Amino acid sequence: MNKAVRNILIIVGSLLIVGGITAAGVGIYKHFNPYGSGNPFEKGGEFGYGISIGSGEKPTLIDLYFNSETNEYKMTVTVGELSSDIETGTYSYDAASSTINCVTTSGTEEQYYYDGQYVIYSKSMYEPFEEASIGDKEISGKFKHVMTDGDTDIIDFSDRTFVRAIDTEMYTGTYTIDGRFVKMVVTDGSEWVDFLIYDGNLSNTYYIRNR
């Protein structure tokens, strides 16, 4: 998960744990794109992607805005009536690989994948290993994510159930697949952020076109 986003999630007091482990009342923009077809990174102009965290009339919003004329971008967080830019910089778009390469004003490099309606944070990937695979209705095998501190987050899927090991912590539950989304419910009834299926991998840090 992007460090700036992780810090904001802590500040606003959401129930998200680092890496999107648990999320009470987490919502995201609707899974459709009312903003026309085509690649906005190639069309030009200003456009944005975002996520909504929390429930109620005033959820916390985290948005990524891009300007393809100036090649500038910014990440903005809105909590209630208050809004602040938490990350600004420039970006370049590589059409061959559909990647967005960002450099913040402080010199930090970040990378995202463009996938039509979605922009996906590159460091959020859970990659398959030991012959894991994703089908239309079921997932089999293990998917691993290596966190920035070196700890691992491994999810083992089998018979529509899962076992998740985050360093020394263990979680179990069930899952369902709805299109490109994997919905996971822990045995205690809590729900996690839906995972997005991308190129045979899973991601829990993605933004949906909203502008």
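Below you will find a few notes about this structure.

Scoring rules and cut-offs
Residues numbered from 1 in each chain as written. Predicted model: local features only at pLDDT ≥ 70, side-chain atom pairs only at ≥ 80, totals over all residues. Heavy atoms only, no water. Pairing = 2+ DSSP bridges. Helix = DSSP H or I, 4+ residues; strand = E, 2+ residues; numbered from the N terminus. Axes fitted to C-alpha atoms, helices over the stretch in contact; angles between N-to-C directions. Phe/Tyr/Trp six-rings, centres within 6.5 Å; stacked < 30°, edge-to-face > 60°. Buried < 20%, exposed > 50% of the residue type's maximum accessible area, 1.4 Å probe, protein only. Lys NZ or Arg CZ within 6 Å of the ring centre and 35° of its normal.

We now examine the sheet that holds strand S16 (residues 206-209). Overall, antiparallel pairing links the eight strands, which are arranged S1-S2-S3-S4-S5-S6-S7-S16 in a closed barrel. For this sheet the average axis-to-axis angle between neighbouring strands, irrespective of direction, equals 30°. As judged from the seven bridges shared by strand S2 (residues 60-67) and strand S3 (residues 72-79), these two strands associate in the antiparallel manner. Among the inter-strand pairings, Asn 67 is bridged to a residue of S3, identified as Glu 72.

Enumeration according to the criterion identifies 20 aromatic pairs in this entry. Ring plane angle 85° and centroid distance 6.1 Å describe the contact between Tyr 93 and Tyr 114, whose orientation is recorded as edge-to-face. Residue Tyr 93 is found in strand S4 (residues 82-94), and its partner Tyr 114 is found in strand S6 (residues 109-115); the two are separated by 21 residues along the sequence. For Tyr 114, a relative accessible area of 12% translates into the label buried. On the basis of an interplanar angle of 80° and a centroid distance of 5.2 Å, the ring pair of Tyr 126 and Phe 195 is categorised as edge-to-face. Here the residue Tyr 126 occupies a position in strand S8 (residues 125-134), and Phe 195 occupies one in strand S14 (residues 195-198), the gap between them amounting to 69 residues. Linked through ring pairs, Phe 41, Phe 47, Phe 66, Tyr 73, Tyr 91, Tyr 93 and Tyr 114 together constitute an aromatic cluster. For Lys 144, the ring lying beneath its charged end belongs to Phe 129, and the centroid distance is 5.2 Å. If you follow Arg 164 out to its NZ or CZ, it ends over the ring of Trp 192, 4.6 Å from the centre.

Looking now at unusual backbone geometry. One non-glycine residue with positive phi stands out, namely Asn 71, at about 55°. Along the chain, Asn 71 turns up in the loop between S2 and S3. Despite not being glycine, Asp 159 shows a phi value in the positive range, around 55°. Following the sequence through the fold, Asp 159 ends up in the loop between strand S10 (152-158) and strand S11 (161-166). On the accessibility criterion, Asp 159 (65% relative accessible area) is exposed.

The next point concerns the pairing of strand S1 (residues 46-53). Where a strand is regular, its side chains alternate between the two sheet faces. The element S1 is largely enclosed, with a buried count of seven among its eight residues. Of the pairings in the sheet, the one linking S1 to S2 comprises eight bridges and is antiparallel in character. Each residue of the ladder has a partner; that of Gly 50, found in S2, is Asp 63. Bridging between S1 and S16 involves two bridges; their strand directions are antiparallel. Looking at S16, one finds that Gly 50 is bridged to Ile 208.

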